[in-house]
Amino acid sequence: AGTAAAAAPLAAAAPRAAAADGPDVVVVGSGVAGMTAALRILDRGGRVTLVEKERRLGGNSAKASSGINGCCPPHSRAERNAADTVDAFAADTAKSAKRDSGGLIALLARSSEGAIEWLRERTKVDLSKLAQLGGHSYARTHRPANGMIGAELVYALQREVRKFEASGRLSLLTSTRVASLLHEGGAVAGVAYVDAKDGATRELRAPATVLATGGFANDRTNTSLLAKHRPDLLRFATTNGEWATGDGMKMAMAIGAGTVDMDRVQVHPTGFVDAADVGASTKVLCGEMMRGVGGGLLLP
């Protein structure tokens, strides 16, 4: 099971100036969302500290296999896609979600073309293959001709982000767990983190903080968000990495952030099962791509 959830913005506060030797923005989490946010800021001349609690970058994004959905980039305007529209994409998404097509669904649909074109142009990632996968009325799922979409995106974004290390405008802190958000005067003022070298808790201050910390489907602790919002799903294995424990959401809620869609946890019908460990609580996803390119799903 995976999850999509968003924290509501805290009350607006006056922007703060960055310290002379500090970052303009702290980005927590190094999946595609986190590295994209970091790269966009770096491209605009900002200074970024990217914090990742795992040893390597990528998070759950590195696991993605089927593709990235979008309507309607010019390179995908093949004859079979000529009738596709942003409204149709939003309607398909709303049908799957069992809700109306406004709000975040509309934002997703109308922003998808620009997102895909930015990835292609800025990172040079190959998104030349197009497939019609589950829930879509048209072919909208873009993926590389070779390799898996997640690994390719993580590699491409990491390559571009790391180019800023030499100038000092990017600092990477890996194996570094953020413990809490610094909250002062109604605004987030940075993060407190556990130093990977000595285990001490230190503060990292910045005018802005971006949480790109992912979901909570592998949270089996006594503060599990999965247990709180979808206890019926605790019996299922997850394809999320062991790092997907909802840390960012918990930290945001601790200082008053609101939440939306916490019960909207995706349950996928297929996964690869290790015959030597059938009951493993973490499994490898058998992605939609397997059926989208011709595989069949046989039901008993």
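These numbers were taken from a predicted model, which means no experiment stands behind them. (Residues numbered from 1 in each chain as written. Predicted model: local features only at pLDDT ≥ 70, side-chain atom pairs only at ≥ 80, totals over all residues. Heavy atoms only, no water.)

(A) Spatial organisation of the nonpolar core. In this structure, Val-27, Met-35, Val-48, Leu-119, Leu-157 and Leu-170 are the most contacted members of the largest nonpolar core, which totals 25 residues. Only strand S3 (25-28), helix H1 (32-43), strand S4 (48-51), helix H3 (103-123), helix H4 (149-162) and strand S8 (170-173) provide two or more residues apiece to this core. The contacts of Val-27, once residues within four sequence positions are left out, are Gly-34, Ala-38, Ile-41, Val-48, Thr-49, Leu-50, Val-51 and Val-210. Of all hydrophobic cores here, the second largest spans 14 residues; its members include Leu-204, Ala-206, Met-251 and Ala-257. (Core = buried A, V, L, I, M, F, W, Y, C linked by side-chain atoms within 4.5 Å. Buried < 20%, exposed > 50% of the residue type's maximum accessible area, 1.4 Å probe, protein only. Helix = DSSP H or I, 4+ residues; strand = E, 2+ residues; numbered from the N terminus. Contact = heavy atoms within 4.5 Å.)

(B) View of the sheet that holds strand S6 (residues 129-131). Spatially, the 3 strands line up as an open sheet ordered S5-S7-S6, and their pairing is antiparallel. Of all the strands in the sheet, the pair left with one neighbour each is strand S5 (68-69) and S6. Sheet analysis places S6 next to strand S7 (residues 141-143), joined by 3 bridges and oriented antiparallel. Looking at S7, one finds that Lys-129 is bridged to Arg-143. (Pairing = 2+ DSSP bridges.)

(C) Focus on the confidence of the model for the protein. Per-residue confidence for the protein averages 88 on the pLDDT scale, and 92% of its residues sit at or above 70. This model gives residues 1-15 a pLDDT under 50, and the stretch forms 39 contacts once residues within four places in sequence are excluded. (pLDDT = per-residue confidence, 0-100.)

(D) Representation of helix H6 (residues 247-254) within the structure. Among the residues of H6, those classed as buried are Gly-248, Met-249, Met-251 and Ala-252. Here the buried residues of H6 occupy an arc of 165° about the axis, which is enough to place them on one side. A positive phi of about 105° marks Gly-256, the residue just after H6. (Arc of directions from axis to C-beta.)

(E) Molecular detail of the pattern of salt bridges. Counted by the stated rule, this structure contains 17 salt bridges. The salt bridge partner of Arg-47 is Asp-24, with a shortest N-O separation of 3.5 Å. Here Asp-24 lies in the loop between strand S2 (6-7) and S3 and Arg-47 lies in the loop between H1 and S4, a separation of 23 residues in the sequence. When salt bridges with common partners are traced through the structure, they connect Asp-43, Arg-122, Arg-159, Glu-160 and Lys-163 into a single cluster. (Salt bridge = Lys/Arg side-chain N within 4 Å of Asp/Glu carboxyl O.)

(F) Region of interest: the state of the cysteines. Considering all chains together, one arrives at 1 disulfide under this definition. Disulfide pairing places Cys-71 opposite Cys-72 at an S-S distance of 1.8 Å. For Cys-71, a relative accessible area of 0% gives the class buried. Take Cys-72: its relative accessible area is 8%, and that puts it in the buried class. (Disulfide = S-S within 2.5 Å.)

(G) Spotlight on unusual backbone geometry. Following Cys-71, the chain continues to Cys-72 via a peptide bond in cis, the omega torsion being 0°. Its identity is not glycine, yet Lys-98 carries a phi of approximately 60°, on the positive side. Note that Lys-98 resides in the loop between helix H2 (86-97) and H3. Phi at Asp-261 is positive, roughly 60°, even though this residue is not glycine. Along the chain, Asp-261 turns up in the loop between strand S13 (259-260) and strand S14 (265-266). The exposure class assigned to Asp-261 is partly exposed, which follows from its relative accessible area of 24%.

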